[in-house]
Amino acid sequence: MAEPVSKLAAGSVGTVETQYLDLPEPLRLDCGQDLHRIRVAYETYGDLSPQHDNVILVCHALSGDAHAAGFAKAPPEESTRDGFGAEDRDGVTGKGLGWWDGMIGPGKAFDTDRFFVISTNLLGGCKGTTGPSSVNPAAGRPYGPDFPVITVADMVRTERAFLDALGIGRLAAVAGGSLGGMQAFEWAILFPDQVDAIVSIASTHALHPQGVAWNSIARDAIMRDPAWQGGHYYGTGRAPEAGLGLARMVGHVTYLSAQALDDKFGRRLQFADDIRYTITEPEFEVENYLRHQADSFVRRFDANTYLYTSRALTYFDLARQYGGGSLARALEGVAARTLLIAFSSDWLYPPSASGEIADTLGVLGKPVEFQVIEAPYGHDCFLLEEARQTPIIRQFLGRG
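Residues numbered from 1 in each chain as written. Predicted model: local features only at pLDDT ≥ 70, side-chain atom pairs only at ≥ 80, totals over all residues. Heavy atoms only, no water.

1. Here we look at the side chain of Lys-366
Assignment of secondary structure puts Lys-366 in the loop between helix H11 (351-363) and strand E16 (368-373). Buried within the structure, Lys-366 lacks any salt-bridge partner; its nearest side chain of opposite charge belongs to Glu-332, at an N-O separation of 7.7 Å. At a separation of 2.7 Å, a polar atom in the side chain of Lys-366 contacts the main-chain carbonyl oxygen of Glu-332. Among the polar contacts made by the side chain of Lys-366, one reaches the main-chain carbonyl oxygen of Val-334 at a distance of 3.0 Å. Look past the residues within four positions of Lys-366 in its chain and what remains in contact with it is Leu-331, Glu-332, Gly-333, Val-334 and Leu-361. (Helix = DSSP H or I, 4+ residues; strand = E, 2+ residues; numbered from the N terminus. Buried < 20%, exposed > 50% of the residue type's maximum accessible area, 1.4 Å probe, protein only. Lys, Arg positive; Asp, Glu negative; His and termini not counted. Salt bridge = Lys/Arg side-chain N within 4 Å of Asp/Glu carboxyl O. Polar contact = N/O pair within 3.5 Å; in protein donor to acceptor, adjacent residues only side chain to side chain. Contact = heavy atoms within 4.5 Å.)

Dropping the structure here:
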């Protein structure tokens, strides 16, 4: 199997430093609470036009952050690009690369010679935007489990307030994969007159029950770890690293396909020519790989953020939220041109879900384009198959 291509020949946005903005007003959340003193971490790439009409907002998935492109001015110890085959693709330099570097830059899918691209860390995050690991100003200590339960719509309203503070009223496009694609749909519904186009990749209008189940198992792994301490583990010297690592293992397997795992690992042993008759140590390459994924993830991510973000994406259901159970009613107010990209081997966010959205928008007479890319890597394809997505996205944005 050919290795996926991560970086295209087109240019880089160069070295980038994450910036921070404090929202001036409280945000009313879907749960009924007001959240104040929200800080948003963000990065920008390209130049803002005098008319402010060339802005693309890029939204990240569950474990992403604001650093979407270029090289971080201060490279992290553990990169956001720690998914399937990341080390094979990126080598040592990968730790400083943005998680979607192959898609954002001069001549790339989101062409910074034409567009001003903004990437934010979502509400509830642990990479600079206010979340459960942030200090609660009312208590003088991290929120922990006192942080309010949030939704994808709350994330989008935060992004809207953030853009207002920057003086940006309208978006040429909102784009993202997985949870990022969910945010794009929310933008099209909540702010239909402020978005020209959305690009939703490997996403859905509602996570299927199997996806809800796997996310539940991952959250339980964290909360059943005694070191979670009911979510109040900050400053105690103990964190639920075992539970978070297990959650990452579970999640990572759901992001891949059976073929991808078989092609990369097969049943090859890791440390010996024959089995060693051990229960506690990994025998197979795939076992060792998952442990490595867990170890690197717990060094860069917060367990409570995982809980809150995972819950938000399981709550996401456009038909329930906006259509009284009808997807058609939920989408009838959408005015943005829509591009849907799905991947043949993605069983977590299957092409059928994107196809249902495309069919519904088509019946409603909305402008929609739907592409399925044949690729073997499962849900992770939206991060791996950058070269094949690029011409589709460039053509779609060019028609705008």
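2. Examining the environment of Tyr-349
Along the chain, Tyr-349 falls in the loop between strand E15 (337-343) and H11. Once the C-alpha coordinates of Tyr-349 and Thr-254 are considered, the two residues, 95 residues apart in sequence, prove to be 9.8 Å apart.

3. Overview of the packing of aromatic side chains
Describing an aromatic ring pair means giving the distance of the ring centres and the angle of the ring planes. Summed over all chains, the structure comprises 11 aromatic pairs. Arranged with centres 5.1 Å apart and planes meeting at 50°, the rings of Trp-187 and Phe-191 form a pair that is tilted. The exposure class of Trp-187 is buried, given its relative accessible area of 0%. Under the relative-accessibility criterion, Phe-191 is labelled buried at 16%. Ring centres of Phe-265 and Tyr-289 lie 4.9 Å apart, and the angle between their planes is 45°; on these two criteria the pair is classed as tilted. Highlighted residues: Phe-265 in the loop between helix H6 (258-264) and helix H7 (285-298) and Tyr-289 in helix H7, separated in sequence by 24 residues. With a relative accessible area of 5%, Phe-265 lands in the buried category. In this structure, Arg-337 is placed above the aromatic ring of Phe-396, and the distance from its NZ or CZ to the ring centre is 4.2 Å. (Phe/Tyr/Trp six-rings, centres within 6.5 Å; stacked < 30°, edge-to-face > 60°. Lys NZ or Arg CZ within 6 Å of the ring centre and 35° of its normal.)

4. Focus: the pairing of E16
Of the pairings in the sheet, the one linking E15 to E16 comprises 6 bridges and is parallel in character. Along E16, the bridge assignment pairs Ala-342 with Val-372. (Pairing = 2+ DSSP bridges.)

5. Points about helix H5 (residues 241-254)
For H5, with 14 residues, the first-to-last C-alpha span of 20 Å sits near the 20 Å given by 1.5 Å per residue. Taken together, the buried residues of H5 touch helix H4 (209-223), H7 and helix H8 (303-315). (Expected span 1.5 Å × (residues − 1).)

6. Re the side chain of Ser-178
Looking at the element boundaries, Ser-178 is found in the loop between strand E13 (173-177) and helix H3 (179-190). On the basis of relative accessible area, Ser-178 is assigned to the buried category, the value being 7%. Filtering out sequence-adjacent residues up to four positions away, Ser-178 remains in contact with Ala-61, Ile-201, Ala-202, Ser-203, Tyr-349, His-379 and Phe-382.

7. Digging into the sheet that holds E15
Taking strand neighbours across the sheet as the criterion, the 8 strands line up as E2-E5-E10-E6-E13-E14-E15-E16 in an open arrangement whose pairing is mixed. In this open sheet, the two strands that pair with only one neighbour each are strand E2 (19-22) and E16. Averaged over all pairs of adjacent strands, the angle between their axes in this sheet comes to 20°, without regard to strand direction. Pairing between strand E6 (residues 55-59) and E13: 4 bridges, direction parallel. Bridging across to E13, Leu-57 finds its partner in Val-174. Contacting E6, E13, strand E14 (197-201) and E15, H3 crosses the sheet at an angle of about 150° to E13. Of the strands in this sheet, E15 and E16 are in contact with H11, which crosses E16 at around 160°. (Axes fitted to C-alpha atoms, helices over the stretch in contact; angles between N-to-C directions.)

8. Focus: a nonpolar patch on the surface
On the surface, Trp-214, Ile-217 and Trp-347 cluster together into a nonpolar patch covering about 270 Å² of accessible area. Relative to the helices and strands, Trp-347 resides in the loop between E15 and H11. Since its relative accessible area comes to 32%, Trp-347 is described here as partly exposed. (Patch = residues over 30% accessible without salt bridge, like charges linked within 9 Å, V, L, I, M, F, W, Y side chains within 5 Å. Areas by Shrake-Rupley, 256 points an atom, 1.4 Å probe, with all protein chains shown as cover.)

9. Let's talk about the packing of helix H2 (residues 152-166) against H3
Interhelical geometry of H2 versus H3 gives an angle of 70° and a closest axis separation of 9 Å. Relative to H3, H2 is oriented roughly perpendicular. When you trace H2 past H3, the crossing you get is right-handed. Taking contact as the criterion, the partners of Val-152, Ala-153, Met-155, Val-156, Arg-157, Glu-159, Arg-160 and Leu-163 in H2 are, on H3, Leu-179, Met-182, Gln-183, Glu-186, Trp-187 and Leu-190. Its residues placed into classes, the contact of H2 with H3 shows 9 nonpolar, 1 polar and 4 charged. (Parallel < 35°, antiparallel > 145°, perpendicular 65-115°, else oblique. Left-handed = near helix turned anticlockwise from the far one by under 90°. Nonpolar A, V, L, I, M, F, W, Y, C, P; charged D, E, K, R; others polar.)

10. Thoughts on the pattern of salt bridges
Scanning the entire structure with this criterion turns up 14 salt bridges. One salt bridge in this structure joins Arg-170 and Asp-196, with 2.6 Å as the shortest N-O distance. Highlighted residues: Arg-170 in the loop between H2 and E13 and Asp-196 in the loop between H3 and E14, separated in sequence by 26 residues. The class for Arg-170 is partly exposed, based on a relative accessible area of 38%. Each of Asp-30, Asp-154 and Arg-157 takes part in a single network of salt bridges with overlapping partners.

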